[in-house]
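# Structure assessment
If you want the building blocks of each chain, they are given just below.
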Amino acid sequence: MKKKMYRYSPGLFGGLFALVLAIMSGCGTPERALVWTDVPELVVAAQLFNKENDQVAVDIEYKANAASELKKTNKPPSLVIAKYLLSPPLVKKFDSLNDLFSKYYLDPNDMYPALLNAGKQGAEHLLMPLSFDCMVLVERKAESSNVGVAALSFDRILSSSKAFTKIDDGKVSAMGFSPRWNLEFAEDWLLAGGAGFSLNQNWKSTSVSLPNDIHTWPILWNKENLERAVDELVSLCSNVKKEQEDAFTFTYFNKPGYQLVLENRILYWPMRASEFFRLPYSAKTQLQYRFPMMNQKMLLTADARYMGIPKGAKNKKAALAFVRWLLIAENQEKIWKEMEAQQLLPDYIPFGGFSSIMQMNERVFSKYFPEYTQNPLVPSSLPGAVPLPDYWDSFARNFLRHWLEDVLSGAGAKGSVDDSFRASLEQYVGTMPDWLITSR
């Protein structure tokens, strides 16, 4: 029987938050794995995989909050590919993937070590990395730029920002950098600094949060690391007064940040690496990016994607075959080519950013985005992905970034950083956000 062929139009990706997409393939009754994912591009991957296989196939079901769905269900899918799977309560729900190396002959040396190890517990590989993104600082490309200086330390950002800033008659006409311009950067700085946000597994709805005992709070964090990271961010804002910065942004921030860099109005603009590569070609020819570093490591964004097979899942053979297929560079290159054919590139980068496979970034990513070769990833500079709780999107959007804005603008509560954080967190928790209700 001839295989069914399905054509996917670019309109399919008009919204990255489609509900359910099932890819049917083959003749007979192949073993089918159900995949929950928050990665829309996996539709293309599943289409290609199903065309190549007669004995196994995958069906893709979109889940905007796959990690949270997995935590609640008693009927897990065959495979989950999503962000926020690394948190301790979820990791223990997955089976070992060691067969990928022992029976399927996958080479672990193909992947970035820190990312691979983040999904490992003891001798067991429970989660495999698929993709990740990181923060970069974009600046003007200049002939005098130091060749080979790929990274920017905190001290370098601080000193160069101060040197660039110009204040005339109390008004700022040029400003080097401020973490207030992109609060996702500030958030990622805290995570890289070891703020250690996590859900308190011992917390109960009847618990009373005691001011001097963090373990009685629904959320845990590392006080010392949080304070140190926030102090560094505040230092980066110390060039100018809040009122001066507000007047500066009101006057000039009526255009994209990278355009302000090109106009020499600001020195650094913080953004995701994936966002930089999607900039217009005419802009990228005049810009360069460097990696801000914390403890000699890059700043990964919170949404690194991992893959895992839940305990008790059905059709694990098909799921394992799909994971192996996805972790072969040649197959990922097929996905890039198919997305190019469907005119989805560069608006959508496969899996949302860099591949966990080093060869993919060096050979394929650089082919589609030549700017990458000017400042490629250094494997030793990549940290392990932070094991964030499944409610992170809601927590960061509705609380953390607002608190960071207050603290960085000097509007936070009086006292220490920790005092400010506790006071604001207590007020936020009192609103009973949805993620907290479901954690009871």
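Our subject in this report is the structure included herewith. (Residues numbered from 1 in each chain as written. Predicted model: local features only at pLDDT ≥ 70, side-chain atom pairs only at ≥ 80, totals over all residues. Heavy atoms only, no water.)

### A few points about the overall build of the chain
A count of helices and strands for the chain gives 18 helices and 17 strands. In terms of C-alpha radius of gyration, the chain reaches 23 Å, essentially the compact-globule figure of 22 Å for 440 residues. Expressed as lengths along the three principal axes of its C-alpha atoms, the size of the chain is roughly 80 × 60 × 40 Å. In the chain, which comprises 440 residues, the proportion classed as buried is 55%. Residue pairs at least 24 apart in sequence account for 78% of intrachain contacts in the chain once pairs closer than 6 positions are excluded. Here the chain displays about 19900 Å² of accessible surface, and carbon together with sulfur accounts for 50% of that area. Across the chain, 49 positive and 48 negative side-chain charges occur, with their mean positions spaced 4 Å apart. (Helix = DSSP H or I, 4+ residues; strand = E, 2+ residues; numbered from the N terminus. Rg over C-alpha atoms; globule rule 2.2 N^0.38 Å. Buried < 20%, exposed > 50% of the residue type's maximum accessible area, 1.4 Å probe, protein only. Contact = heavy atoms within 4.5 Å. Areas by Shrake-Rupley, 256 points an atom, 1.4 Å probe, with all protein chains shown as cover. Lys, Arg positive; Asp, Glu negative; His and termini not counted. Charge placed at Lys NZ, Arg CZ, Asp CG, Glu CD.)

### Some details on the pairing of strand β10 (residues 171-174)
Strand residues, when the strand is regular, have side chains that alternate between the two faces of the sheet. When strand β9 (residues 166-168) meets β10, the two strands line up antiparallel, connected through three bridges. Note on β10: the bridge partner recorded for Asp-168 is Lys-171. Adjacent in sequence and paired antiparallel, β9 and β10 are bridged by two residues, among which Asp-169 carries a positive phi angle near 55°. (Pairing = 2+ DSSP bridges.)

### Observations regarding the nonpolar core
If you look at the biggest cluster of nonpolar residues, it comprises 153 residues, and the most contacted ones within it are Phe-322, Phe-395 and Trp-403. Residue contributions to this core peak at nine residues, all from helix α16 (residues 392-408). With residues near it in sequence (within four places) discarded, Phe-322 still touches Val-35, Leu-42, Ala-45, Ala-46, Phe-49, Val-58, Leu-79 and Ile-81. (Core = buried A, V, L, I, M, F, W, Y, C linked by side-chain atoms within 4.5 Å.)

### Quick look at the pattern of salt bridges
Side-chain pairs of opposite charge can arise whenever the charged atoms involved come near each other. Summed over the entire model, instances satisfying the criterion amount to 21 salt bridges. One salt bridge in this structure joins Arg-180 and Glu-245, with 3.6 Å as the shortest N-O distance. Taken together, the residues Arg-180 in the loop between β10 and α7 (183-192) and Glu-245 in helix α9 (residues 242-252) connect sequence positions 65 residues apart. Glu-245 shares its class with Arg-180; the two are buried. Across the pair Arg-272 and Asp-303 runs a salt bridge whose closest N-O atoms are separated by 3.0 Å. (Salt bridge = Lys/Arg side-chain N within 4 Å of Asp/Glu carboxyl O.)

### Description of the side chain of Glu-333
Inspection of the secondary structure assignment puts Glu-333 in helix α14 (residues 329-341). Residue Glu-333 is classed as buried on the basis of its relative accessible area of 14%. Not counting residues up to four positions away in its chain, the partners in contact with Glu-333 are Met-360, Arg-363 and Val-364.

### Some remarks on the packing of aromatic side chains
Counted by the stated rule, this structure contains 43 aromatic pairs. On the numbers, 5.5 Å between centres and 75° between planes, the contact of Phe-277 with Tyr-289 is edge-to-face. Highlighted residues: Phe-277 in helix α11 (residues 273-277) and Tyr-289 in strand β14 (residues 287-294), separated in sequence by 12 residues. Each member of the pair, Phe-277 as well as Tyr-289, is classed as buried. Ring-pair connections join several aromatic residues into one group, and the members of that group are Tyr-112, Phe-132, Phe-276, Phe-277, Tyr-289, Phe-291, Trp-336, Phe-354, Phe-365, Tyr-368, Phe-369 and Tyr-372. The cationic tip of Lys-63 hangs over the ring face of Trp-36; the distance from NZ or CZ to the ring centre is 4.6 Å. (Phe/Tyr/Trp six-rings, centres within 6.5 Å; stacked < 30°, edge-to-face > 60°. Lys NZ or Arg CZ within 6 Å of the ring centre and 35° of its normal.)

Any link to function would need more than the numbers given here.
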